[in-house]
Amino acid sequence: RFIKNLFGQFVAPEVVEQLARNPEKVKLGGERRDMSVFFLDIAHFTTISEKLGAEELIKFLNHYLSPLSVIVQGESGVVDKYIGDCIMAFWNAPLPVDNHRARACLAAIACQEAMPKLTAQLDGQIKLPETPAVRIGLNSGEMTVGLTGSEKKLAYTVIGDEVNLASRLEGANKFFGSKIMASEDVYRGARQLVEARELGRVRVVGKEQPVRVYELLARKGALSAQWQSALPHYERGLELFAKRQYAQAAAAFEEVVKIFPKDGPAGLYLNAARDYAAIPPDDNWDGVFNLTAK
């Protein structure tokens, strides 16, 4: 009963049954584990919440958070908590999850793919001031997982620097105009199953060491014809940008923007390349983007 009450609301039913049959698998104290963590946030939520009534707002949140949570659980993820319009989830606890980096990435891609259909289902029910979109941050590494809280209210959760980094990467999508940002650690463990592009190196708030990050684009082999055409230009532009050949880099990113006029990362690099072609950065610049906002 204790196991079912604790895990029943945020773990897939089949996992709860396994834990109930084998309660010794739940380590009641904290432990260090190699895990993946996922933060999903609804973009434009502040604007949307200001324009909707209380009942409509709750209906709106439940309409998106419920099916997106099911997607996460379908990839063996644990929905840790809801923070307003944010879903926090993790993999590889309380039960081991093989290939948890890839499972987290596949869940993120599936959540993005589900958004247009979910929005279409709301058409006519709620007048939305903005088209909802989601931003997702993913990171993996060693984290502390276990029960925390008080005697009257316990929560099974995960904490640590690697968790904080995942949260920062979710927010860093705003800077790049990207949708799913994964750390290099996550991408290396999932690269056989996903299509992605490098975004560069970032230094997030609270971390001194820069992290190389990637944007997940699709499942392996499911890249659209447009992206198959645009991605080589983007990768060429990134290579030239790193070599400080800014005029040539700008030309490459222009080809991407011709195919995807609203692509955030290509637009960011195009503007930066044009600026640096006119006024080159300091010789000591290491190419890292320093992000000042969470």
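Everything below is about the structure shown above.
Residues numbered from 1 in each chain as written. Predicted model: local features only at pLDDT ≥ 70, side-chain atom pairs only at ≥ 80, totals over all residues. Heavy atoms only, no water.

**Student:** Even after reading the chapter, I still don't get the overall build of the chain, so can you show me in this structure?
**Tutor:** Secondary structure assignment for the chain yields 10 helices and nine strands. Taking 2.2 N^0.38 as the reference for a compact globule, 294 residues should give roughly 19 Å; the C-alpha atoms of the chain span a radius of gyration of 20 Å, in line with that estimate. Considering only C-alpha atoms, the chain reaches an extent of 65 × 45 × 35 Å along its principal axes. The buried share of the chain, taken over its 294 residues, is 49%. The contacts of the chain with a sequence gap of at least 6 include a subset with a gap of at least 24, amounting to 68%. (Helix = DSSP H or I, 4+ residues; strand = E, 2+ residues; numbered from the N terminus. Rg over C-alpha atoms; globule rule 2.2 N^0.38 Å. Buried < 20%, exposed > 50% of the residue type's maximum accessible area, 1.4 Å probe, protein only. Contact = heavy atoms within 4.5 Å.)

**Student:** Explain helix α9 (residues 246-259) here, please?
**Tutor:** Helical geometry note: an α-helix holds 3.6 residues per turn, so side chains three or four residues apart project in the same direction. Taking 1.5 Å of rise per residue, 14 residues should cover 20 Å, and α9 covers 20 Å from first to last C-alpha, within 8% of that figure. Taken together, the buried positions of α9 are Tyr246, Ala249, Ala250, Ala252, Phe253 and Val256. Projected onto a plane normal to the axis of α9, the buried residues spread over an arc of 165° and lie on a single side. Turned more than 90 degrees away from the buried face of α9, the exposed residues are Ala247 and Lys258. (Expected span 1.5 Å × (residues − 1). Arc of directions from axis to C-beta.)

**Student:** I keep staring at the nonpolar core and nothing clicks. Help me out?
**Tutor:** Generally speaking, soluble globular proteins have nonpolar side chains that are buried together. One finds Phe38, Phe60, Leu68, Leu138 and Leu216 to be the most contacted residues of the largest nonpolar core, which totals 43 residues. By residue number, the principal contributor to this core is helix α5 (residues 100-122), which donates 12 residues. Not counting the four nearest positions on each side in its chain, Leu68 is found in contact with Leu40, Ile87, Cys111, Ala114, Met115, Leu118 and Val134. Grouped together as the second largest cluster of nonpolar side chains are 32 residues, Val202, Tyr234, Val256 and Tyr269 included. (Core = buried A, V, L, I, M, F, W, Y, C linked by side-chain atoms within 4.5 Å.)

**Student:** Hey, could you run me through the side chain of Ser140 in this one?
**Tutor:** Mapped onto the elements, Ser140 comes out in strand β4 (residues 133-149). Here Ser36 takes part through its side chain, which lies 2.6 Å from a polar atom of the side chain of Ser140. In this structure, Ser140 is in contact with Met35, Ser36, Arg101, Glu162, Ser183, Asp185 and Val186, ignoring residues within four places of it in sequence. (Polar contact = N/O pair within 3.5 Å; in protein donor to acceptor, adjacent residues only side chain to side chain.)

**Student:** So what exactly am I meant to see when it comes to the pattern of salt bridges here?
**Tutor:** Pairs can form between side chains of opposite charge once their charged atoms are near each other. Considering all chains together, one arrives at 18 salt bridges under this definition. Residue Lys81 is joined to Asp80 by a salt bridge in which the shortest nitrogen-to-oxygen separation is 2.9 Å. What makes Lys81 partly exposed here is its relative accessible area of 33%. Looking at Asp80, the relative accessible area reads 11%, which means it is buried. Note that Arg197 and Asp263 form a salt bridge whose closest N and O atoms lie 2.7 Å from each other. Pair noted here: Arg197 is in strand β7 (residues 194-203) and Asp263 is in the loop between α9 and α10 (264-278), with a separation of 66 residues, a long-range link. Relative accessible area serves as the criterion here: at 2%, Arg197 is assigned to the buried category. Overall, the relative accessible area of 11% leaves Asp263 in the buried class. Bridged by salt links that share partners, the residues Asp34, Arg101 and Asp185 form one connected network. (Salt bridge = Lys/Arg side-chain N within 4 Å of Asp/Glu carboxyl O.)

Worth remembering: the numbers are spatial, not functional.
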